[in-house]
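Analysis of the macromolecular model
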Amino acid sequence: MRPSGGGFFDLGEIYILTISFLFMKYGIVYLVRGDAAEYHQNLVKSAGLKFGEMKVLDRNVPVHVTLKFNFFIDDIGQVEEVVKKVTMESKPEKIRFGDFKEFNGIAAVSKNELSEGSLDIQKRLIDGLKAIGVEIHPRDLDYKPHSTLILGSTKEKFKLIWKYLNSLEKPIFDLKFDNITILRKPKDAWEIHKVFEIK
């Protein structure tokens with residue numbers, strides 16, 4: 001149970017607000033590029049407009065597959081060194097991007113299949129971040145790669161969105177796992193901080 005401070009905010013909420021003012025929020029991802037990214041963006045736009053889910057359109061997040069869930073840190077330098085080391089010790093691997101599945105009856109995500117080599121890159125990344133004291137989320141360890149397509153504001157609205165998505169063709173994209181990218185969220189929108197290419 002989180003401690004309570006009474007009033008408008010409990011202590012847990014005050015802690016989160018304080019952290020967000022003092023530290024930058026980051027995420028580490030595989031950045032999807034090319035035709036797959038364009039397809040994803042167009043799909044989100046069409047579904048968002050069709051069902052009035054404007055928050056989805058406002059998110060404007062670069063198309064990605066999460067490798068490390070969000071974290072706060074004041075100095076990204078050590079994290080960059082870990083990412084650089086992992087990319088330099090890796091070669092491009094395979095990732096399959098496409099098809100849909102639903103999550104908790106409120107979100108549609110793209111199912112992504114990573115090769116054993118790609119999964120090894122993610123594991124080495126998490127091991128390296130853990131070694132420098134970055135907070136590791138349980139989902140970083142029990143890793144299930146996906147890309148969020150669209151969230152429904154209600155479960156009833158999501159049922160309509162899900163029916164629509166399943167009426168569409170689902171192209172499959174076979175991509176190269178060729179980058180690890182750090183995203184940051186200085187205010188309300190995520191943006192690319194730095195791309196590390198895997199060559």
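Residues numbered from 1 in each chain as written. Predicted model: local features only at pLDDT ≥ 70, side-chain atom pairs only at ≥ 80, totals over all residues. Heavy atoms only, no water.

Observations regarding the overall build of the protein
Scanning the protein for helices and strands turns up seven helices and eight strands. When the 199 residues of the protein are sorted by exposure, 40% land in the buried category. Considering only contacts in the protein between residues 6 or more positions apart, those separated by 24 or more positions represent 76%. When the accessible area of the protein is evaluated, it comes to approximately 12,000 Å², of which 54% is carbon and sulfur surface. (Helix = DSSP H or I, 4+ residues; strand = E, 2+ residues; numbered from the N terminus. Buried < 20%, exposed > 50% of the residue type's maximum accessible area, 1.4 Å probe, protein only. Contact = heavy atoms within 4.5 Å. Areas by Shrake-Rupley, 256 points an atom, 1.4 Å probe, with all protein chains shown as cover.)

Details of the pattern of salt bridges
Scanning the model with the defined rule gives twelve salt bridges in all. Here Lys 144 and Asp 142 are joined by a salt bridge, their closest N and O atoms 2.9 Å apart. Connected via shared salt-bridge partners are Arg 33, Asp 178 and Glu 197. (Salt bridge = Lys/Arg side-chain N within 4 Å of Asp/Glu carboxyl O.)

Notes on the sheet that holds strand β4 (residues 107-114)
The strand order across the open sheet built from four strands is β5-β4-β3-β6, with neighbouring strands paired in antiparallel fashion. Because the sheet does not close on itself, it has two edges, and the strands there are β5 (146-151) and β6 (172-177). Taken pair by pair, the neighbouring strands of this sheet meet at an average axis angle of 30°, ignoring direction. Relative to β6, strand β3 (residues 93-103) runs antiparallel, the two sharing six bridges. (Pairing = 2+ DSSP bridges. Axes fitted to C-alpha atoms, helices over the stretch in contact; angles between N-to-C directions.)

With respect to empty space enclosed by the protein
Scanning all chains against the criterion turns up one cavity of 30 Å³ or more. Considering only enclosed or pocket space, the largest cavity measures out at about 30 Å³ in volume. Of all the secondary structure elements, the ones that give two or more residues to the lining of the largest cavity are α2 (34-51) and β3. The element best represented in the lining of the largest cavity is β3, accounting for three residues. Of the residues in the lining of the largest cavity, the class split is six nonpolar, two polar and no charged. (1 Å grid on protein atoms, 1.4 Å probe; cavity = no way out; pocket = protein on both sides within 12 Å on 5 of 7 lines; lining within 4 Å. Points joined across faces, edges and corners; volume = space filled by probe spheres on them. Nonpolar A, V, L, I, M, F, W, Y, C, P; charged D, E, K, R; others polar.)

Observations concerning the nonpolar core
The biggest cluster of nonpolar side chains holds 31 residues, and the ones touching the most others in it are Ile 28, Val 32, Val 79, Phe 177 and Ile 180. Only β1 (24-31), α2, β2 (64-73), α4 (77-88), β3, α5 (116-131), β6 and β7 (179-185) provide two or more residues apiece to this core. Ignoring any residue separated from it by four or fewer positions in sequence, one finds Phe 177 in contact with Tyr 30, Leu 67, Lys 91, Pro 92, Glu 93, Lys 94, Ile 95, Leu 114, Ser 118, Ile 121 and Ile 198. Ile 150, Phe 158, Tyr 164 and Leu 165 belong to the second largest nonpolar core, which has 13 residues in total. (Core = buried A, V, L, I, M, F, W, Y, C linked by side-chain atoms within 4.5 Å.)

Observations concerning the packing of aromatic side chains
Inspection of the entire model under this criterion finds five aromatic pairs. With 5.7 Å between their ring centres and 65° between their planes, Phe 51 and Tyr 164 make a pair best called edge-to-face. Of this pair, Phe 51 sits in helix α2 while Tyr 164 sits in helix α7 (residues 155-165), placing them 113 residues apart in sequence. One Lys or Arg, Lys 50, reaches over the ring of Phe 51 and ends 5.9 Å from the middle of that ring. (Phe/Tyr/Trp six-rings, centres within 6.5 Å; stacked < 30°, edge-to-face > 60°. Lys NZ or Arg CZ within 6 Å of the ring centre and 35° of its normal.)

Points about the sheet that holds β7
Taken in spatial order, the four strands of this open sheet run β2-β1-β7-β8, and their pairing is antiparallel. The open sheet has two free edges, formed respectively by β2 and β8 (191-197), since each of these has just one partner strand. Taking each pair of neighbouring strands and ignoring which way they run, the sheet shows an average axis angle of 20°. Inspection of the sheet shows β1 paired to β2 by seven bridges, in the antiparallel sense. Within β2, the position partnered with Tyr 30 by the bridge is Val 65. Against the sheet, α4 makes contact with β1, β2, β7 and β8, and its axis sits at roughly 35° relative to β8, the strand it touches most. Together, β1, β2 and β7 form the strand contacts of α5, whose direction differs from that of β2 by roughly 5°.

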